[in-house]
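Here are the chains, one letter per residue:
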2 protein chains.
Amino acid sequence: MDLGGLTVEEYLKENGIKPSYQRIRIFEYLIKNQNHPNVDTIYRALYKDIPTLSRTTVYNTMKLFREKNITQMINIEDTETRYDADVSPHGHFKCTQCGNIFDVRMDVSDMEVEGLDSFRVEETHLYFKGTCDDCIEEKKS
Amino acid sequence: MDLGGLTVEEYLKENGIKPSYQRIRIFEYLIKNQNHPNVDTIYRALYKDIPTLSRTTVYNTMKLFREKNITQMINIEDTETRYDADVSPHGHFKCTQCGNIFDVRMDVSDMEVEGLDSFRVEETHLYFKGTCDDCIEEKKS
DNA sequence: GTATCTGCAAAACATTTGCAATTCT
DNA sequence: AGAATTGCAAATGTTTTGCAGATAC
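Everything quoted here is computed from the prediction, not taken from an experiment. (Residues numbered from 1 in each chain as written. Chains lettered and ligands numbered in written order. Predicted model: local features only at pLDDT ≥ 70, side-chain atom pairs only at ≥ 80, totals over all residues. Heavy atoms only, no water.)

(A) Local environment of the protein's contact with DNA strand D. Surrounding DNA strand D, one finds 13 residues, the nearest of these being Ser20, Arg23, Thr52 and Thr57 of chain A together with Tyr59 of chain B. Of all atoms in DNA strand D that approach within 4 Å of the protein, 77% are sugar or phosphate atoms. At 2.7 Å, a side-chain N or O of Tyr59 of chain B approaches a phosphate oxygen of DNA strand D. Of all the secondary structure elements, the ones that give two or more residues to the surface near DNA strand D are helix H2 (21-32) and helix H4 (55-67) of chain A together with helix H4 (55-67) of chain B. (Near = heavy atom within 4 Å. Polar contact = N/O pair within 3.5 Å; in protein donor to acceptor, adjacent residues only side chain to side chain. Helix = DSSP H or I, 4+ residues; strand = E, 2+ residues; numbered from the N terminus.)

(B) A look at the relation of the copies chain A and chain B. Note on the identical chains: chain A maps onto chain B by a rotation of 180° and an axial translation of 0.0 Å, with an RMSD of 0.1 Å. Here the symmetry operator amounts to a two-fold rotation axis. Of the C-alpha atoms belonging to chain A, the one lying closest to the rotation axis is found on Leu126 of chain A, 2.3 Å away. Both copies contact each other with a shared surface, as 100% of the interface residues of chain A are interface residues in chain B too. (Least-squares fit on C-alpha atoms with pLDDT ≥ 70 in both. Contact = heavy atoms within 4.5 Å.)

(C) The arrangement of the pattern of salt bridges in detail. All names here are of chain A. Tallied over the full model, the rule gives 20 salt bridges over all chains. For Glu80, the salt bridge is made with Arg82, and the minimal N-O distance between the two is 3.2 Å. Residue Lys94 pairs with Glu80 through a salt bridge whose shortest N-O separation is 3.7 Å. A residue pair is termed long-range when its members are at least 10 positions apart, and Lys94 in strand E3 (residues 91-95) and Glu80 in the loop between strand E1 (72-75) and strand E2 (81-84) qualify at 14 residues. Bridged by salt links that share partners, the residues Glu77, Glu80, Arg82, Lys94 and Lys129 form one connected network. (Salt bridge = Lys/Arg side-chain N within 4 Å of Asp/Glu carboxyl O.)

(D) Layout of the domain arrangement of chain A. Residue and element names in this part refer to chain A. According to the domain assignment, chain A contains domain 1 (8-82) and domain 2 (88-140). Across the contact, nine residues belong to domain 1 and 11 residues belong to domain 2. Here domain 1 and domain 2 share an interface that buries about 900 Å² over both sides, 50% of which is from carbon and sulfur atoms. Among the residues domain 1 hides against domain 2, the three largest losses belong to His36, Gln72 and Ile76. Together they make up 57% of the total. Scanning the region where domain 1 abuts domain 2 turns up three salt bridges. Here domain 1 is connected to domain 2 by four residue pairs in polar contact (both at pLDDT 80 or more). Of all the elements, E1 adds the most residues to the side of domain 1 that touches domain 2, at four residues. When grouped by side-chain class, the residues that make up the side of domain 1 that touches domain 2 number three nonpolar, three polar and three charged. (Domains from an automatic or database assignment. Buried area = accessible area lost by both parts, 1.4 Å probe. Nonpolar A, V, L, I, M, F, W, Y, C, P; charged D, E, K, R; others polar.)

This is how it looks when you write it as structure tokens:
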């Protein structure tokens, strides 16, 4: 993740977000841990350092980040929403064994999709589910 | 939707599902109404005819259908899971105005995706979000 | 007659809301 | 001081679970 040479604080300001302590820490977490976390994972990780942090603040912050377009939502399972600070067009692969989500580079321009003429497309989401290499190896041994 | 000349009852049996009255009615609803309904929509529609029906049964049934691979889950919003009795590979477009979901034909073989070599892919999901033609027209007038 | 299926009520879980206390400028 | 932000507690909405009664083969 590259913020174009900006600090997190500058990047947030640039995108119309007041850089509060919590918001900076949450965004820092997102770019340092490219693990596509859900709200609870973010909360637990930061709670160690910021014991006053509440889940509500994480929810509020993720909602704000989404509105300002500096994160995208990943809805693969119905049970949890995960987040990605990389908003460039790319896909995801979720391993159903370990639960990890991996980035998948994709060239949307390659995609020949019929029947989209009558729609104004604002978002494109592509994801795969299956088993990752590590989990395949694990089963063999 | 084509069941290959089978009745719903035969189709369910064929797929290892005991064709109870509720299951038949639910599956019939899915193939007659290609509206990608959520559990509540299915429940409300059938409740008129089957007043003893419970949401639990709809949930149970949808879980069973998924396991037997005669429906697929559509997770576009974090708030609701929707279902499709068409399990052939295709994408979806959700209009954020009216909430309708439309099928989008796609040829997966056209898709050039890098970095999937190390994964065993079991499912591919493609969806778009935006505004449909009807809702664009509506705003103009 | 025994397995399975259904459906009620309660529980579980993620997310949102209302509001009071806190923080920042 | 005034506006925005935080965080608690309660509410909401969806889905799951436990279990008793009904149904089917």
